[in-house]
Amino acid sequence: SVLDKNKFLTNLYDILNFAKTRLLKMSQKLFTSDCLLQKAMADLPADALSPWVPWNEVADPNDEKQLVLENKRPSLQIDSITHPDRIPMWLRRGMECERQYEDIFIKLCTNITVLETWFNRHRCASRLLVEISEIHILRGDLELAVQNILRTIASSANDPWDTLLSWRVFRLLCCQRKLRDEAEYFKSLTYCLGARLSKSIPSKLHHLLHKDLEVLVKSPDISGFRWTAFPLLGIKVELGKNGNSTFPLPLLKTNALVQSCQVGDSLTTSIQCSSGLAKEVEITQMKIFLLDVNDYQRLAEATDDVSEDDAAFVLSTKSPVTIRPGQNSVEFPWSAIAVGQYIVASICIEWDSAVFYHDYTRGPKGVAGYDILPNDPTQSIELNPIFLIPGHTQNVRLLFHSGSDVVNNGTIEFECSKGLQVMILETEPANDWSNNCTFDVGKCLPETTTTVTASVKSEAIYSYDSEGSCQTDDEASQSVLQTLTATMKTSYHHGLYASSVEEGAKIDAPPMSALLEASVTTLERAALTVENCGAFAIWGGMFVISATVLCNTPVPFSLKEWSISLPPSLVLDKDGDMNVGLFDRPVIEGEELHFGYRCKRQSNQGDGDASFMSNPILTIILQDHLGKSFRQVLPLDISSLRTKLRLQSAEEKKKVATAELEASAKEGLIGAPVHFSYSIDFADLAKTSASSNIPLRLLYHLSCVEDGWIVGGSVRGKLDYSAMVTNPSCSLSFVGIPTRVGHIKSFPEIELSFLDQTDTPTSAIKINHVHPFSFLCLSHCSSDSLACVSTQIDL
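Residues numbered from 1 in each chain as written. Predicted model: local features only at pLDDT ≥ 70, side-chain atom pairs only at ≥ 80, totals over all residues. Heavy atoms only, no water.

Draft legend 1. Summary view of the side chain of N328. Mapped onto the elements of the fold, N328 is located in strand β10 (residues 326–335). Among residues more than four places away in sequence, those in contact with N328 are I271, Q272, C273, S275, T322 and I323. (Helix = DSSP H or I, 4+ residues; strand = E, 2+ residues; numbered from the N terminus. Contact = heavy atoms within 4.5 Å.)

Below is the structure:
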C-alpha cells in the first residue's frame, strides 16, 4: 500500500543518512584527518581561500588537473581495524584506497538526494549535491562538479534564499574558470551579475566579476552565440501614454498592450533597463524588432528566436548607450510609416562582441505593440468655377494637390447628372461629349499640383419669379438640378517615403487608398431672375415698363450688354432706355437691378388681341472676370399693362370725343396768362348723330378741377355745326393763369353735353383728354408793392 511504501522509504532514508554520517566519521580513522572528504565538508573550500586571479591569468586546466592527480593519497591496510571479518564486501573494497572510498560516499549521497527529492526536500537534496560537487572539485573532476552545481542552481532558482544561490553560482564560476570555458563562464557571469544576485554577493567580489565580464565581452569566441539579456539586464517596454488599449492574440490565448496611432505620427518607444553591474558600461547599440502580428504569433507559437530578417521595422539607437547601475531609460523616437499591427517581438543589445536578446516570443507576458491606422490623406481636389450657369458651355478646371503624400497613381472620374455632358480637353484627341469620362493621373511627389481641364455643356433649367411665372433661357428646358461630380481614387504612401521614391528605391509597405470627391452644380435658378415687373402709363399715351432683376450668382459678374424686345403694340420711345448707368457695373449675389424702358402705343396697330399676346423679352449679357459672356433671356410679364390697354381701348370706344390740349408755352411766370387751345374730334359722335338724324347741338364748359389755374375767355358756350358730318372737329381757345410756382401737372378740362330743342342739357359726353406732361411756373425775380394801414381795426 501507499502507507507501507512511504514507511519503507522513510526507514531507508534514515538508514542511508546514518550510513553517510558513519562513512564520513570513519574517513578520519581510515585515512588522515585532512583527507579529501574532510576538506570537501569544510566550511570554506580551499580554493576559495586563495587570491583571486584575473581571467587573463587563469592557469591552463590541464596543468591543474595533473596537479590534483599527483596529490592522491595511498590506500590504508584493513588489518589495522578490529574484527575485519565483519566489514561488508562493498566497504572492504572502498577501504582499499581513498578514491574508491570517495566513490562509495558519492554513490551513497546520490541515493540520498533521490529520496530527498521524493520527499520534496529540495534544499536538503541541493546541499548533498553541493557536497558531491566539492568532492569532484578536489578530485579534479570539474565537469562532474559543474553538472551537480547546475542542478543545485536550477532547484534553487525559485528559492528566495538569494545569498545561498549566489554562493553556489560563485562555486560554479570557480569551476568554469579552471576549465577555461569562456562561453559557459560568460553565461554564468551574466547570471551572477544580474539584478537579483548582484545584491547578495560581496562588493569586492562584485567588482572582480565585473572586470572578468568586461574582458570576456571583447573576446571573439563569444560572438557566435545568442545570449539572453535576462537576468543580466532587466528589460521592460513602455509605449506612449495616450491611445493605449488591449489587442487579442488568439493563437497565444492572451492580449497585447497596443497603442493606436496613424501613419506619420511621431512615436517614442522606451526601454526600461535595470542593471546589476558594479559600474556603468557602454553598450554599442540597442535595437527593437517590430514584427507583423501574424509573424509574431507564428514565431511565438513555435517559440522560435526572432532575427532582424523577421522584423518589419527595426528601431535602433544612433550612438552608443551608457548603462549605469540601477534603472536606465532608453528612448527610441520614430515615425509610423506603414499601416498594420506590429508587436515588439525582441530587444537586441550589442555590447562589443556579445549580442544579447530579450525575445517576447518565449513568453506572452509584457507583450506590447502598435496598431497603426491609415492617416487622413493630405491630398485635395478643387473644382472651378464653383457653379455652372444653366444653358451654357463652360470650362471646368480640376486642381489636384498631393499635399504631403507620395501618390503612386490616381484616377479621376467625371460623372454628370441629367442635363449635363462633359468632355476632357487634356486627352489627344479630345473625347466626345458623354455623361461620364475618366482620366489617369501618374505618380506625384509631395506638394505637386496637377490640373485637368474639362468642358461641360449644360441644358437650361426652369426658374420662377416671385409671382410664379416660369422663366427659361431657351425653349429646351429641364426641370432638374444639374450636378457635375468629380471622384478621384488614389493609392499613396506617407510623405516620409518621398526620399525613397526620389532615389528609385522600392517601398515594401502596403499603400493606402484615398477617395476624394468634389462637385459643382448649376444654379437652382437662372443667373438672373425677374423678381417683379410692372408697367404704368404716363403722359401723352406713353408707358414705362420697369423690371427688378435679382442676381443669383455666388461670384460677381459685370453687365456687358442689355436690350428689350417689345410686342407689336408698343414701340420704344426715343431715349427710352433709362439704364445707361448700369453699363460695366459689377453685380453680386442677392443684389437687385432695376431696369426701366419708356415706350408708347403704336397708333397704326389694331385694337385686337393679337397685338397684346406676346411679352417683352429682356436680354442681358453677363461677363465674368475671365471675359466669358453668358446670355440671359428674361421674359417680362406685362399682363397688368395688357389688361389696362384693353380696358383703355374699350373705354375709348365708348367715348365719342377726343380733346387734345395744346399750350402756347411750356413754362412761364406766375400770374402771366398762357394761351391754350383744345382740338376736339367728334368723328364717333358725328357717326352716331348721322345715323339717328339728330342735329349736333352741344354745350361746352371749361374748368379746372384742381388748384393751379384760373381759366379766362370763352369758358362756356354752344356748338352747332351742321357740316360736322363731313368735318367732325373744332377748336376752342381760352386763357389760363398759373397760380402756384413749380411743376403743374393738372390742366383745365372741357365738359360736353347734349342740348335738346329747348337748349336744356340732357346727357354728358365722355371725353378722352390728352394733356401735356407738365407746365413749369416760375416766380418773379423782383416786384413793387405799397404798404398801407388797414382801415379795419379788430377790437
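Now that the structure is up, let's keep going.
Draft legend 2. Up close: the sheet that holds strand β28 (residues 557–565). If you trace the four strands from one edge of the open sheet to the other, you get β30-β28-β32-β33, paired in antiparallel fashion. What marks the edges here is a single partner per strand, and that holds for β30 (586–587) and β33 (629–635). With seven bridges joining them, β28 and strand β32 (residues 617–623) adopt antiparallel strand pairing. Within β32, the residue paired with I564 across the bridge is L618. (Pairing = 2+ DSSP bridges.)

Draft legend 3. Broad picture of the sheet that holds strand β40 (residues 729–738). Across the sheet, five strands lie side by side as β38-β40-β36-β34-β44; this open sheet has mixed pairing. Each end of this open sheet is capped by a strand with a single partner; those strands are β38 (709–712) and β44 (767–770). For this sheet, the mean angle separating the axes of adjacent strands, direction not counted, is 30 degrees. The sheet contact formed by strand β34 (residues 657–663) and strand β36 (residues 674–681) spans six bridges and is antiparallel. If you follow L661 over to β36, its bridge partner there is Y678. (Axes fitted to C-alpha atoms, helices over the stretch in contact; angles between N-to-C directions.)

Draft legend 4. Here's a closer look at the environment of L179. Among the structural elements, L179 can be located in helix α8 (residues 162–179). In this structure, the C-alpha to C-alpha distance between L179 and V58, residues 121 residues apart in sequence, is 9.4 Å.

Draft legend 5. Highlighting unusual backbone geometry. Each neighbour pair has its own omega, and for F230 with P231 the value is 10 degrees, a cis peptide bond. By the secondary structure assignment, P231 is in the loop between β1 (227–228) and β2 (233–238). Cis rather than trans, the peptide bond between N384 and P385 has omega equal to 0 degrees. Here P385 is to be found in the loop between β14 (380–384) and β15 (393–401). Positive phi is not limited to glycine here, since T303 has a value of about 50 degrees. One can find T303 in the loop between α11 (293–301) and β8 (313–316). Judged by its relative accessible area of 41%, T303 falls in the partly exposed class. Residues other than glycine seldom take positive phi values, yet D352 does so here, at roughly 55 degrees. Given the relative accessible area of 41%, D352 is considered partly exposed. (Buried < 20%, exposed > 50% of the residue type's maximum accessible area, 1.4 Å probe, protein only.)

Draft legend 6. Local environment of helix α5 (residues 98–118). Along its 21 residues, α5 runs 31 Å from first to last C-alpha, staying within 8% of the 30 Å computed at 1.5 Å per residue. Of the positions making up α5, those classed as buried are E98, Y101, E102, I104, F105, I106, L108, C109, I112, T113, L115 and E116. Directly beyond the C-terminal end of α5, a positive phi value near 60 degrees is found at N120. (Expected span 1.5 Å × (residues − 1).)

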